[in-house]
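# Chains, contacts and geometry: an overview
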Amino acid sequence: MIAGLGGLAASAISFSMTLYEAAHPPQVPVMQAGQQIDTGRWFVTLRTARTGTVPPTGVPQSQPVKLVMVDMDVVNRSATPNNVLYRVVTISAPAQKLDMPTAYLDRDKYLAGYFNPNMPERLTMVWEWPADVPVPDKITVTVTGQIYKRRDNLYGASGWYDREPVARVDLPVEKAP
Amino acid sequence: MMRVVRSVLALMFAAFVLYGMQHTRPLYSRITSPIAYSGGMNKRVEASAFALSLDSVRVARVLNTETFGKSKTYTSSGVWVVVEGEAEAKFETLGLTSGEWLSGSGVRYVLTDRVPATIEMMSGDVYQPGLPRRVLLMFEMPEDAVAGGTVVVARTKLLPLDDEIRIATNVSGKDIEPAITIRRNDEGPPWTVLPQR
């Protein structure tokens, strides 16, 4: 009986918290291009954005698609290599869900793999943009924070967990052929 | 009344014990960590499923690759570390897909995924029991991670409680060559590290 009431109370609290959060979205700090953003696991510095059909490899695709490319500098501050940047840096298209972006390492002009700890790298993240939606003059890039838990709530295992966005950056979109 | 007090006390005691255990017991990652077999350079280190020895560690600022007439230069914001040795499976054919450089301060660097697959790195090969095979491992890391580093090799990163060989390298991190070239050979050993020394 008490356990049932407790469960009911818990779900009521969690439901009202969700409602409250939906009604009062947290204020995300607006940052500028070129400013270093601390996400917890990464330092991210967004540089420029552009649109075109040629990916950073310089080799045009056989079936060109509209691409939105964002240049940035990153440093992995954790103790292990990682490449899951697509959850950290996101953009959104109006009324569409974008596919997962591809990251290119500027050093190699090729697909980026792991980013080693404490090694600053410049990279370009590339999103395929829907063909029927025009690319706006300005895109908003959202940078999500991550926290390290020494023991997670399920296994007691250590790991990095996604948190709220830590910054929003407006970048003008250059038009490239 | 006494019964309520007693059960409250028992609950508090249980919570206290659990809290204490949560904060004193080893981490989950520690409990499920691989079983390490350690050794030094130029020695054959045996794990239960495979054996490994390392004989050369070289550090360079730039890595060049030459494969099938194509050459490419790989720069880095740190240095390249090229490790060579020999690996052998003991009882069954296996792959050694996980190679890591554990720096003195505990930071991990994995085998680079930048160089082309035509250069045979340890992770791409298959090891047959009784047939020792030369291995090549390439890492990219900041300069200060080189000194006192340990090479950690395992069959895979995903199997808890599997074997892992840890070989402490004796590099000082001071002897940095300007450039190293890895050439893929058409015959003989699968690769050559240049300049030879």
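Residues numbered from 1 in each chain as written. Chains lettered and ligands numbered in written order. Predicted model: local features only at pLDDT ≥ 70, side-chain atom pairs only at ≥ 80, totals over all residues.

In the nomenclature of an unreviewed UniProt entry, chain A is known as DUF4352 domain-containing protein of Mesorhizobium helmanticense.

Let us now look at the overall build of chain A. In terms of helices and strands, chain A carries one helix and ten strands. Starting at the N terminus and walking to the C terminus, you meet the elements of chain A as α-β-β-β-β-β-β-β-β-β-β. Counting only C-alpha atoms and orienting by the principal axes, one finds that chain A spans roughly 70 × 40 × 30 Å. Counting over 177 residues, chain A shows a buried share of 21%. Taking contacts inside chain A between residues at least 6 apart in sequence as the whole, the part at least 24 apart equals 67%. (Helix = DSSP H or I, 4+ residues; strand = E, 2+ residues; numbered from the N terminus. Buried ≥ 20, exposed ≤ 12 C-beta atoms within 10 Å, placed from the backbone. Contact = placed C-beta atoms within 7 Å.)

What follows deals with helix H1 (residues 2-24) of chain B. Given a rise of 1.5 Å per residue, 23 residues ought to cover 33 Å, and the 33 Å separating the end C-alpha atoms of H1 of chain B matches this to within 8%. H1 of chain B sits mainly on the outside: zero of its 23 residues count as buried. (Expected span 1.5 Å × (residues − 1).)

Another aspect to go through is the pairing of strand S7 (residues 98-102) of chain B. All names here are of chain B. By the criterion of burial, S7 is predominantly enclosed, with four of the five residues buried. Pairing of S7 with strand S11 (residues 150-154), which is carried by five bridges, proceeds in the antiparallel orientation. Bridging from a neighbouring strand, glycine 99 pairs with valine 153 of S11. Where S7 lies against strand S8 (residues 108-110), three bridges are found, and the strand directions are antiparallel. Across the sheet, tryptophan 101 pairs through a bridge with tyrosine 109, a residue of S8. From the end of S7 to the start of S8, which pair antiparallel, there are five residues, and glycine 106 there has a positive phi angle of about 90°. (Pairing = 2+ DSSP bridges.)

Time to look at the pairing of strand S5 (residues 79-89) of chain B. Where strand S3 (residues 50-67) of chain B and S5 of chain B come together, ten bridges link them in antiparallel fashion. Residue pairing in the sheet places serine 56 of chain B in a bridge with glutamate 84 of chain B of S5 of chain B.

Residue and element names in this part refer to chain B. Along the chain, valine 83 turns up in strand S5. You can call valine 83 buried: it has 25 C-beta atoms within 10 Å. Considered as a pair, valine 83 and tryptophan 191 are 108 residues apart in the sequence and their alpha carbons are 12 Å apart. When neighbours within four sequence positions are excluded, valine 83 is seen to be in contact with Leu54, Ser56, Val57, Leu137 and Val151.

A word on the sheet that holds S11 of chain B. All names here are of chain B. The five strands lie next to each other as S1-S12-S11-S7-S8, forming an open sheet whose pairing is mixed. In this open sheet, the two strands that pair with only one neighbour each are strand S1 (35-40) and S8. Along the sheet, successive strands turn relative to each other by an average axial angle of 25°, direction set aside. In the sheet, S11 pairs with strand S12 (residues 163-168) via five bridges, with the strands oriented antiparallel. Bridge pairing in S12 places alanine 154 opposite glutamate 164. (Axes fitted to C-alpha atoms, helices over the stretch in contact; angles between N-to-C directions.)

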